[in-house]
Amino acid sequence: SSGGRAQFGYMLAAYSGADEYVPDHVDKDKLLERMCEAMNGPGGGKEGDNKPRRPVATPLMIETANHNLSEGEGDGAKFVAAVAEQLDAVSVA
């Protein structure tokens, strides 16, 4: 039962640890954690036919990345690898 909420698929919640648009005083790790908790809802994920619960939102913190992944060495590659991993997980789910 969706409890009145729309049912969505899975997502990668990517966050840039060195995002120039976020003030330095913001705890970015805690913010990402809270965003994923909110997206995952009670119980932390979705149930499938006798399968273990899988989080709707999977966090990805790229510590050295700026907002558009254009500055840090390898930041874009980390993001692409995480997206590929997420797609693999969905295709077998």
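This structure is a prediction, so every number in the text was calculated from the model and none was measured.

**Student:** Help me understand the overall build of the protein in this model?
**Tutor:** Each helix and strand in the protein was counted, giving two helices and four strands. Walking the protein from its N terminus toward its C terminus, one meets helices and strands in the order β-α-β-β-β-α. For the protein, the residues scored as buried account for 26% of the 93 residues in total. Across the protein, every contact between residues at least 6 apart in sequence was considered, and the portion connecting residues at least 24 apart equals 57%. Approximately 6,500 Å² of the protein is accessible, and the part contributed by carbon and sulfur atoms is 55%.

**Student:** Would you take a moment to explain the nonpolar core for this structure?
**Tutor:** One broad trend across soluble globular proteins is that nonpolar side chains are buried collectively. Counting residues in each nonpolar core, the largest one holds seven residues, listed as A13, Y15, V22, L32, C36, A57 and M61. Contributions of two or more residues to this core are made by β1 (11–16), α1 (28–40) and β4 (57–62). Those residues within four positions of V22 in sequence are excluded, and the remaining contacts are Y15 and K28. Of all hydrophobic cores here, the second largest spans five residues; its members include L60, I62, A65 and A82.

**Student:** When you look at a nonpolar patch on the surface in this model, what are you seeing that I'm missing?
**Tutor:** On the surface, a cluster of nonpolar side chains totalling about 210 Å² of accessible area is made up of M11, M35 and M39. Positionally, M35 belongs in helix α1.

**Student:** Even after reading the chapter, I still don't get the side chain of N66, so can you show me in this structure?
**Tutor:** As for its placement among the helices and strands, N66 is situated in the loop between β4 and α2 (75–92). Residue classification places N66 among the buried residues on the basis of a relative accessible area of 9%. Filtering out sequence-adjacent residues up to four positions away, N66 remains in contact with S16, A18, D19, E20, E71 and D75.

**Student:** Where do I start with unusual backbone geometry in this structure?
**Tutor:** Leaving glycine aside, a negative phi is the common case for residues, and trans is the common case for peptide bonds. Of note, the phi angle at L69 is positive, near 60°, even though the residue is not glycine. By the element assignment, L69 lies in the loop between β4 and α2. When its relative accessible area of 24% is taken as the criterion, L69 is described as partly exposed.

**Student:** Looking at this structure, how should I read the pattern of salt bridges?
**Tutor:** Side-chain pairs of opposite charge can arise where the charged atoms are in close proximity. All chains considered together, the criterion is met by one salt bridge. The closest approach of N and O atoms between K30 and E33, which form a salt bridge, is 3.5 Å. One end of the pair, K30, and the other, E33, are both in helix α1, three residues apart, so they sit about a helical turn from each other. On the basis of relative accessibility, which here comes to 40%, the residue K30 falls in the partly exposed class.

**Student:** Looking at this model, I keep getting lost on α1. Mind explaining?
**Tutor:** For an α-helix, 3.6 residues make a turn, and residues three or four places apart therefore share a direction. Taking 1.5 Å of rise per residue, the 13 residues of α1 would be expected to cover 18 Å, and the 18 Å separating its terminal C-alpha atoms lies within 8% of that figure. Three or more residues of α1 are buried, namely K28, L32, C36 and N40. Projected down its long axis, α1 carries its buried residues within an arc of 105°, all on one side. Projecting away from the buried face of α1 at angles above 90 degrees are the exposed residues R34 and A38. The elements touched by buried residues of α1 are β1 and β4. Looking at where α1 begins, the residue whose side-chain oxygen comes 3.3 Å from the main-chain nitrogen of D29 is D27. One or two residues past the end of α1 sits G41, with phi positive at roughly 70°.

About the cut-offs
Residues numbered from 1 in each chain as written. Predicted model: local features only at pLDDT ≥ 70, side-chain atom pairs only at ≥ 80, totals over all residues. Heavy atoms only, no water. Helix = DSSP H or I, 4+ residues; strand = E, 2+ residues; numbered from the N terminus. Buried < 20%, exposed > 50% of the residue type's maximum accessible area, 1.4 Å probe, protein only. Contact = heavy atoms within 4.5 Å. Areas by Shrake-Rupley, 256 points an atom, 1.4 Å probe, with all protein chains shown as cover. Core = buried A, V, L, I, M, F, W, Y, C linked by side-chain atoms within 4.5 Å. Patch = residues over 30% accessible without salt bridge, like charges linked within 9 Å, V, L, I, M, F, W, Y side chains within 5 Å. Salt bridge = Lys/Arg side-chain N within 4 Å of Asp/Glu carboxyl O. Expected span 1.5 Å × (residues − 1). Arc of directions from axis to C-beta. Polar contact = N/O pair within 3.5 Å; in protein donor to acceptor, adjacent residues only side chain to side chain.

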